[in-house]
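Residue strings, one per chain:
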Amino acid sequence: WPQRNAWTPQRSIGIVARLAHEKGLDRAIEAMALLKVRGAKATLHIWGTGPERQKLVDGIEEKDLGDRVFLEGFTGNVREAMLSCDIFAFPSRYGEGTAIALIEAMATGLPCVVFDTPALAEVVLDQETGYVVEDGNIEAYADVLEKLLKDPDLAHRLGKAGRKRMETHFSLDHLLDQLQNFLLSLGEKESEEKK
């Protein structure tokens, strides 16, 4: 995965997700409404398709965010989409599994902002590779987005740490090593049971 080498802030937040209730995209739109009230100049780009599209369009219109929140539709090039952003937001609700898009964002060197749901909080280390916000606390979510938008050096530092974490914990080599160790332990357990 290519990563951002030179940090040139575009004041852009990105999300790659299915447009479904569990992905919490309405929560990201609420956070953008707060950022607008605060005068923060930023855009939110959401790549994906799904059943909640019309609800999201209605929410964008209701909050008068047509010039700030863009539903980009399906993308066949996730890397290019992520490279066009400064921050990766993943506002999923409850029970979301580890998101591949989150790991891809870390591979790109983007700081990630997630709500405190079990699998996501295991991937993103709070204040080390991004921010983990109390689940459902939209104001706190907007706070950390604003903090990252105002401090590109912090965003870059967290993004670099996220890239390093992805390489050491979520790379294919690492996952294959874990699988091999697991299979070996099963073989050892089976041998002991036969004794």
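Scope of this entry: the structure provided in the associated data block. (Residues numbered from 1 in each chain as written. Predicted model: local features only at pLDDT ≥ 70, side-chain atom pairs only at ≥ 80, totals over all residues. Heavy atoms only, no water.)

**Thoughts on the pattern of salt bridges**
Okay, step 1: Under the criterion given, the structure shown has 8 salt bridges.
Okay, step 2: What emerges from the salt-bridge pattern is a single network uniting Arg38, Asp143, Glu146 and Lys150. (Salt bridge = Lys/Arg side-chain N within 4 Å of Asp/Glu carboxyl O.)

**Thoughts on the side chain of Thr108**
Okay, step 1: Locating Thr108 in the fold gives a position in helix α4 (residues 100–108).
Okay, step 2: With relative accessibility at 0%, the residue Thr108 sits in the buried group.
Okay, step 3: In terms of polar contacts, Thr108 uses its side chain to reach the backbone carbonyl oxygen of Glu104, at 2.9 Å. (Helix = DSSP H or I, 4+ residues; strand = E, 2+ residues; numbered from the N terminus. Buried < 20%, exposed > 50% of the residue type's maximum accessible area, 1.4 Å probe, protein only. Polar contact = N/O pair within 3.5 Å; in protein donor to acceptor, adjacent residues only side chain to side chain.)

**Here's the deal with the packing of aromatic side chains**
Okay, step 1: Going through the model one piece at a time under the given rule, you end up with 2 aromatic pairs.
Okay, step 2: On the basis of an interplanar angle of 20° and a centroid distance of 5.9 Å, the ring pair of Phe88 and Phe90 is categorised as stacked.
Okay, step 3: When its relative accessible area of 2% is taken as the criterion, Phe90 is described as buried.
Okay, step 4: The ring of Phe115 carries Arg27 above its face, with NZ or CZ at 4.0 Å from the centroid. (Phe/Tyr/Trp six-rings, centres within 6.5 Å; stacked < 30°, edge-to-face > 60°. Lys NZ or Arg CZ within 6 Å of the ring centre and 35° of its normal.)

**So, the packing of helix α6 (residues 138–150) against helix α7 (residues 152–169)**
Okay, step 1: Following both chains from N to C, one finds α6 and α7 inclined at 105°, their axes separated by 5 Å at the closest point. It follows that α6 is roughly perpendicular to α7 by the angle criterion. In this structure, α6 contributes Lys147, Leu148, Leu149 and Lys150 to the contact, and α7 contributes Pro152, Leu154, Ala155 and Leu158.
Okay, step 2: Of the residues that constitute the contact of α6 with α7, the class distribution is 6 nonpolar, no polar and 2 charged. (Axes fitted to C-alpha atoms, helices over the stretch in contact; angles between N-to-C directions. Parallel < 35°, antiparallel > 145°, perpendicular 65-115°, else oblique. Contact = heavy atoms within 4.5 Å. Nonpolar A, V, L, I, M, F, W, Y, C, P; charged D, E, K, R; others polar.)

**Remarks on the environment of Val69**
Okay, step 1: If you trace the backbone, Val69 turns up in strand β3 (residues 69–73).
Okay, step 2: Expressed as a C-alpha distance, the spacing of Val69 and Ala33, which sit 36 residues apart in the sequence, is 9.6 Å.
Okay, step 3: For Val69, the contacting residues outside a window of four places in its chain are Ile29, Met32, Leu44, Ile46 and Ile60.

**Some thoughts on the environment of Glu167**
Okay, step 1: With respect to the helices and strands, Glu167 occurs in helix α7.
Okay, step 2: For Glu167 and Ala107, which are 60 residues apart along the polypeptide, the C-alpha to C-alpha distance reads 7.5 Å.

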